[in-house]
Structures are given as structure tokens and as C-alpha cells.
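The residues making up each chain are set out below.
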Amino acid sequence: MKKVILTGDRPTGHLHLGHYVGSLKKRIELQKEYDTYILIADVQALTDNAENPEKIRKNILEVALDYLAVGIDPKQSTIVIQSLVPEIAELTIYYLNLVTLARLQRNPTVKDEMKQKGFGANVPVGFLMYPISQAADITAFKADLVPVGEDQLPVIEQTAEIVRSFNRIYKPVLVEPKGLVSDVGRLSGIDGQAKMGKSLGNAIYLSDSYEDLAKKVRNMYTDPKHIRVADPGNVKGNIVFEYLDAFDPDLEEVKKLKSQYKAGGLGDVVVKKRLLEVLDNFLKPIRERREEFAKDPAEVMKMLEKGTEKAREKTAQTLKEVREAMKLDYFV
Ligand code: ATP
Ligand code: MG
């Protein structure tokens, strides 16, 4: 039997370059080899967008279009809408008893995100416990592997803990997953912040037009101390070079540019011009494929409906085993 991948994204906006290098690229590489499920996590998106249901609904289609545009193949990968899989919600309820409040509050990802969103003491319970519902996502599919960005590793660790508790207390029916982080586990934002994020306003989207892309590259954070072309510049923490490392296929040329920049004599304008070219070469075919798929949204929604149906067969089987293990199978 093929091993299982489960991964996903929150429909809080279009997907960006960080998603590509952090997770999409691996999914595309592995979709042939693994039984792949990709979750559009609308329930999780609502945990910090409760008052914005329209935004989440709208972005279901946008995220699906991004998937198709980058080469996720619905014949190989099953794309699923999270809220239509009630087994996940049921599992979440059972797992709530296996995790302490203190453990949740210690999760570094949740801590970071809570600070970023300025929740303070007014954090929605749903948001605080999203690692538990993510554990339900992963285990409902009995996933072996979860390709994620680095920021999600503590969540995978928490899932593994839940699996171990469940299997010890009840019966060993759950699979302990492993996180898979690619070479670029965390792509910085164009503003120099440590993570590009949909909700952070610092992203280059896979669907950006050439004009938007050019504007973003022009305003991109470089080395604030590199003022005159002749000055020696820093390539570390310089976003233009970080993106060249991630996207420029000509590694030798990037190496040369870096040593020129460090020595002085290479201006930001020249390096940015190269980056714009590299990124446009990468994004142009994605943009074009996306436009093609966008012509028939009904077809895309049909694909999601079919994927969700298939997912429910899988999760229903897991829940049957879970209920039996927990002695909740009263009428068999
Ligand atoms: P939001 O700001 O709404 O949380 P996001 O940009 O963080 O959106 P998610 O849907 O939360 O995107 O994340 C989906 C997947 O993409 C996760 O596996 C996450 O780790 C990965 N990811 C997101 N941003 C980056 C990034 N900048 N670099 C690498 N991976 C990323
Ligand atoms: Mg996120």
C-alpha cells in the first residue's frame, strides 16, 4: 500500500512564493509516489477570521486554482475541503482530553502567532487549540508524512504526542506522522520580516501580475546600509539574495553577484533587475495556467466535491477504528 501524505493551506488568501518553496514543490514531487491528500483548511482559517466568512469562502477557489496552476494533479492528489469532513471535528473533540492547556500555551508556533495577531488574553479558544484540530486533520488520514514550512514543525510534534497518548491509552490505531521540511523551510517576506505570510501583507503571490511583481521587487528590503553603489554590501539578511538563492537556476552567477556585492560596486538596481527576470520566468507559466483554469470555476468546484467525497471514505474508516478503540462502538 502507498504511504500517505496529508498537508494543506488556510484559505485566507492567494498562495505565495513561501508556499511554493516551503511545501508545494515537495507535494508536486511526491504526489506520484504517495497517496496524497491536500486539505483546504477553512475551519482552521476561521479560527482567526470568525468575522470574515466571506473572505474564507472566496479563497477556497483561489487556493484550488493556485494548486492546479503549480502542477498539483487532481488525478494524483485528492484536494479536500476541511469543513465538509465532520470526522475531523469529531476527532478534535476526542483529542481535547489528551492535551493540557499548559502544553498548548507552550507551543512556540501558537505563541508567535498569538503575539503577531495581538490577541493578548482575548485569544479565541479555537485559535489556541488549532494544533489539536491539525492533529485531527493529519491522523484522520493516517498520514505518514506532512510536507510543511518550518513554522509548522512544533505543530507536527504536538500531533506525534497526541498519537502516542492515544495509542497508549486506547489501542494503537493512529499513525505517528513525520514533518517534511524542504531546503527553504521559511522564506522571508519582501519587507525583511522572518516569514512571508498571507496575512502579513509581505507576500509575492503566485498569481501576481508582472506589474505587481515589478513593484514588489523594486520596494524589496535589501541592506539598509548599502547606500552608494561603490559601498560594500551585506548579502546575509538581504531579501533579494535570499530569493535569488531560492529561485535562480544559475547558481554560479548568483555566487558571482554575491561576491561583487560584498566587495562593493554592485548596485541594488542591477540585482533587483535580475531577480525580477528570474521570478517572472518562474511565475509566468504559473500565471498563464491559472488563467486557463479560472475560466471554468464550476469545474474546479466539482473537482473539490469529488475529492472531499473520497476523503470522507478514508476518514470514516479511521473513525470507525477510533470509536472501537475508545469503546464508543455501542451498536455494532
Ligand atoms: P496565514 O498568514 O493566514 O497564516 P500563511 O501564509 O502562513 O497564511 P498557511 O496557510 O498558514 O499560510 O500555511 C500553509 C503551509 O505553507 C504551511 O505548511 C506553512 O508552513 C507553509 N508556509 C507558509 N508561509 C511560508 C513561508 N514563508 N516559507 C515557507 N513555508 C511557508
Ligand atoms: Mg500560517
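Note: the structure precedes this text.
What comes next is a walk through the structure. (Residues numbered from 1 in each chain as written. Chains lettered and ligands numbered in written order. Predicted model: local features only at pLDDT ≥ 70, side-chain atom pairs only at ≥ 80, totals over all residues. Heavy atoms only, no water.)

Counting its secondary structure elements, the protein chain contains 14 helices and five strands. Taking 20 Å as the expected radius of gyration for a compact globule of 332 residues, we find that the protein chain reaches 21 Å, a close match to that expectation. Put simply, the protein chain has 332 residues, and 52% of those count as buried. Of the roughly 16600 Å² of accessible surface on the protein chain, a fraction of 54% belongs to carbon and sulfur atoms. (Helix = DSSP H or I, 4+ residues; strand = E, 2+ residues; numbered from the N terminus. Rg over C-alpha atoms; globule rule 2.2 N^0.38 Å. Buried < 20%, exposed > 50% of the residue type's maximum accessible area, 1.4 Å probe, protein only. Areas by Shrake-Rupley, 256 points an atom, 1.4 Å probe, with all protein chains shown as cover.)

Let us look at the site of ligand 1. In the vicinity of ligand 1 lie 20 residues, with Thr 12, Asp 151, Lys 195, Lys 198 and Ser 199 positioned nearest. For ligand 1, an oxygen atom lies 2.8 Å from a polar atom in the backbone of Arg 10. A distance of 2.8 Å separates an oxygen atom of ligand 1 from a polar side-chain atom of His 19. Relative to its free-state accessible area of 600 Å², ligand 1 is covered by the protein chains to the extent of 95%. Residue assignment for the shell around ligand 1 shows that the elements contributing at least two residues are strand 1 (4–9) and helix 1 (17–30). At three residues, the largest contribution of residues to the shell around ligand 1 is made by helix 1. (Near = heavy atom within 4 Å. Polar contact = N/O pair within 3.5 Å; in protein donor to acceptor, adjacent residues only side chain to side chain.)

Before going further, it helps to spend a moment on helix 12 (residues 251–263). Along an α-helix, residues three or four positions apart point the same way, because every turn accommodates 3.6 residues. The terminal C-alpha atoms of helix 12, which comprises 13 residues, lie 19 Å apart, in line with the 18 Å expected from a rise of 1.5 Å per residue. Of the positions making up helix 12, those classed as buried are Val 254, Leu 257 and Tyr 261. One face of helix 12 carries all of its buried residues, which in axial projection span an arc of 65°. Facing away from the buried surface of helix 12 by more than 90 degrees, the exposed residues are Glu 252, Lys 255, Lys 256 and Ala 263. Where helix 12 is buried, its residues touch helix 11 (239–247) and helix 13 (268–294). The positive-phi residue at the C-terminal boundary of helix 12 is Gly 264, with phi of around 100°. (Expected span 1.5 Å × (residues − 1). Arc of directions from axis to C-beta. Contact = heavy atoms within 4.5 Å.)

Right, let's talk about the pattern of salt bridges for a bit. It is possible for side chains of opposite charge to pair when their charged atoms get near one another. Applying the stated criterion to the full structure yields 23 salt bridges. With its nearest N and O atoms 3.0 Å apart, the salt bridge here joins Glu 324 to Lys 171. Remark: Lys 171 occurs in the loop between helix 9 (153–169) and strand 5 (178–180) and Glu 324 occurs in helix 14 (residues 297–325); sequence separation between them is 153 residues. For Lys 171, a relative accessible area of 37% corresponds to the partly exposed category. Across the salt bridge formed by Asp 245 and Lys 258, the nearest N and O atoms sit 2.9 Å from each other. In this pair, Asp 245 sits in helix 11 while Lys 258 sits in helix 12, placing the two residues 13 residues apart along the sequence. (Salt bridge = Lys/Arg side-chain N within 4 Å of Asp/Glu carboxyl O.)

Within the largest apolar cluster, 52 residues are counted, with the highest numbers of intra-cluster contacts made by Leu 17, Ile 204, Leu 206 and Tyr 243. Looking at this core element by element, the count peaks at nine residues for helix 3 (residues 53–70). Leaving out residues up to four positions away in the same chain, Tyr 243 has contacts with Leu 187, Ser 188, Gly 189, Ile 190, Met 196, Ile 204, Met 220, Asp 248, Leu 275 and Leu 279. With 42 residues, the next largest nonpolar core counts Ile 88, Leu 91, Met 114 and Leu 128 among its residues. (Core = buried A, V, L, I, M, F, W, Y, C linked by side-chain atoms within 4.5 Å.)

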